[in-house]
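Secondary and tertiary structure notes
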Amino acid sequence: MQFARQVLPSSTSEPKRSTFAEPVVVTRDKHNISRNNISENALKVLYRLHKSGYHAYLVGGCVRDLLLGLEPKDFDVATNASPEQIKALFSNCRLIGRRFRLAHVVFGRDVIEVATFRGHHTEEESNDSNKNTSKQSKEGLLLRDNVYGSIEEDAERRDFTVNAMYYSIADFAIYDFANGVKDLEAGVLRLIGDPETRYREDPVRMLRAVRFATKLGLRIDDAAREPISRLAHLLDNIPPARLFEEYLKLFMHGKAEANFLALQDFGLFGFFFPQIKAALKNPDSYEHRMMYQLCVDTDARINGGKRVTPAYLFAATLWYPVVAQAEQLMSEGGLVEYDAIQIAAADVLGKQSRSISIPKRFSLPARDMWTLQIRLQQTHPRKAERLLTHPKFRAGYDFLLLRARVEGHPDLKALGEFWTEFQKGKEVGSPSNPERRGSGRPGQAHQGPHDSADAPKKRRRRRRKPAQHSADGAAKKPADKS
Ligand code: ATP
Ligand code: MG
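Cut-offs and rules
Residues numbered from 1 in each chain as written. Chains lettered and ligands numbered in written order. Predicted model: local features only at pLDDT ≥ 70, side-chain atom pairs only at ≥ 80, totals over all residues. Heavy atoms only, no water. Helix = DSSP H or I, 4+ residues; strand = E, 2+ residues; numbered from the N terminus. Buried < 20%, exposed > 50% of the residue type's maximum accessible area, 1.4 Å probe, protein only. Contact = heavy atoms within 4.5 Å. Areas by Shrake-Rupley, 256 points an atom, 1.4 Å probe, with all protein chains shown as cover. Pairing = 2+ DSSP bridges. Salt bridge = Lys/Arg side-chain N within 4 Å of Asp/Glu carboxyl O. Near = heavy atom within 4 Å. Polar contact = N/O pair within 3.5 Å; in protein donor to acceptor, adjacent residues only side chain to side chain. Nonpolar A, V, L, I, M, F, W, Y, C, P; charged D, E, K, R; others polar. Axes fitted to C-alpha atoms, helices over the stretch in contact; angles between N-to-C directions.

Another point: the overall build of the protein chain. The helix and strand inventory of the protein chain stands at 20 helices and twelve strands. Among the 482 residues that make up the protein chain, the fraction classed as buried is 52%. Long-range pairs, those at least 24 residues apart, make up 68% of the contacts in the protein chain between residues at least 6 apart in sequence. In the structure as shown, the protein chain presents an accessible area of about 22,900 Å², 49% of it carried by carbon and sulfur atoms.

Successive residues of a regular strand alternate their side chains across the two faces of the sheet. Pairing of strand β2 (residues 56-59) with strand β3 (residues 76-79) involves four bridges; the strand directions are antiparallel. Within β3, the residue paired with Val59 across the bridge is Asp76.

Taken across its six residues, strand β5 (residues 102-107) has five buried, putting it largely inside the fold. Of the strand pairs in this sheet, β5 and strand β6 (residues 110-116) are connected by five bridges, and their pairing is antiparallel. Paired with His104 across the two strands is Glu113, which belongs to β6.

Taken as a whole, this structure holds 20 salt bridges when the rule is applied. Among the ionic pairs, Arg205 bridges to Glu201, the shortest N-O distance being 2.8 Å. Judged by its relative accessible area of 9%, Arg205 is buried. Classification of Glu201 as buried rests on a relative accessible area of 15%. Across the pair Glu226 and Arg230 runs a salt bridge, and its minimum N-O distance is 3.0 Å. A relative accessible area of 42% means that Arg230 is categorised as partly exposed. Sharing partners across several salt bridges, the network here consists of Glu196, Arg200, Glu226 and Arg230.

Let us now look at the site of ligand 1. For ligand 1, the set of nearby residues contains 17 residues, the closest of which are Arg64, Asp202, Arg205, Arg211 and Lys215. Asp202 has a polar side-chain atom sitting 2.7 Å from a nitrogen atom of ligand 1. Broken down by secondary-structure element, the contributors of at least two residues to the shell around ligand 1 are α2 (61-67) and α8 (204-216). Here the shell around ligand 1 gets five residues from one element, more than from any other, and that element is α8. Per-class residue counts for the shell around ligand 1 are one nonpolar, three polar and 13 charged.

Sheet strands pair by backbone hydrogen bonding; their relative direction is either parallel or antiparallel. With mixed pairing, eight strands are arranged side by side in an open sheet as β1-β10-β9-β2-β3-β6-β5-β4. In the strand order of this sheet, the two ends are held by β1 (24-26) and β4 (93-96), each with one partner. Along the sheet, successive strands turn relative to each other by an average axial angle of 30 degrees, direction set aside. Across four bridges, β3 lies against β6 in parallel orientation.

Here it is in structure tokens:
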């Protein structure tokens, strides 16, 4: 057998390695979870396992959410069948994962995750790096975790008490190993076990604490709250791909504002974006105002059923580091604005990828949104017309308006209004005063307020002397005069 320990049904005669006492059993007549609220595919998986003689439970977030009367995002199943035994039962099953070996039972786009009960590892196992079982780094981080165990052990390894409730398909009762039902009723988010040890094993649990507290309206209990600021630095050890996933869960699900404020309080937010960490200490900084407004806007969009792309969030969050670096490249390196933004963008994204790895499908549009801040300064009707067809125009324009609100600069506001009017198809004149009046920051509007719409329209017959253009048609000089 590849693994150190075999699957142990809970009736095993082996000595128990869990410190959990018997679970509280909430019988069917004492809880509100009905099979009508459970996905058909999850029920199929549960019944097939059960009929084949295995123990099968819904577990984790879905039980918690059903008890709260919420619609679960997904349904996770826990069983005493091994991954290979699960695979033998379902032709539509694939085994995945290295850290945790899991079975995915696939029904079109719906995937039911089926996990074998996980157990604890023994001293010898954790010291023996040749075994494919569990391994811990010197900070206490769990690196590999493929030991199977009993349902009690499985419950003990879960993060929060409200995430360790099991709904049995055998008798439709809830098996509550850590008093999760009581905590849920009391509105408390409590870690299972010693908080510091649990955060050291997996520092992402600190982020999960914040996320569940804001999502479910729970209070993080004092013991789970206390070590967070002290241990926040452990997030440095989390792979950037995992932080990216956590970032999306925190900021793309309608609770961005609450999560931002809570993460800031705990000193956790800066680990997502080290380049703005210092600036965020000042609530009046552009960085802080931008982040806050971005979160408020994102929540409003999501809760209003509108689409949000992570590219927009990254573009807005990292804009000021890009600007700062572009300014430096312009003043010290003599670069023109457009080129400076391009180089700064590459550098800022490169540094960012050490914390959150941003997939190209999001970093490329983010770069477009940045360079659009320069191109949107071109308000000549012909150029403006052309820019409307840019695939990222809308995002670039939305971002311009957001910047105008954050910075409150009249020129930026005027530029935003110009584009608002221009899209409405109204006649808008070119800004009357093209003098550079902004702060001189890259992407800062250089125009004065545009002509009023009813000003006589002058048709220019003579072509203006063309400004120098870079490859994609953007003017090279920030203060090009028309
Ligand atoms: P949601 O899916 O709504 O975000 P969830 O509780 O289902 O919440 P998942 O990440 O889907 O969260 O994890 C499913 C379950 O697996 C959790 O409820 C918890 O029991 C367990 N779990 C997940 N991540 C961890 C972790 N880092 N440490 C311990 N247990 C975890
Ligand atoms: Mg889940």
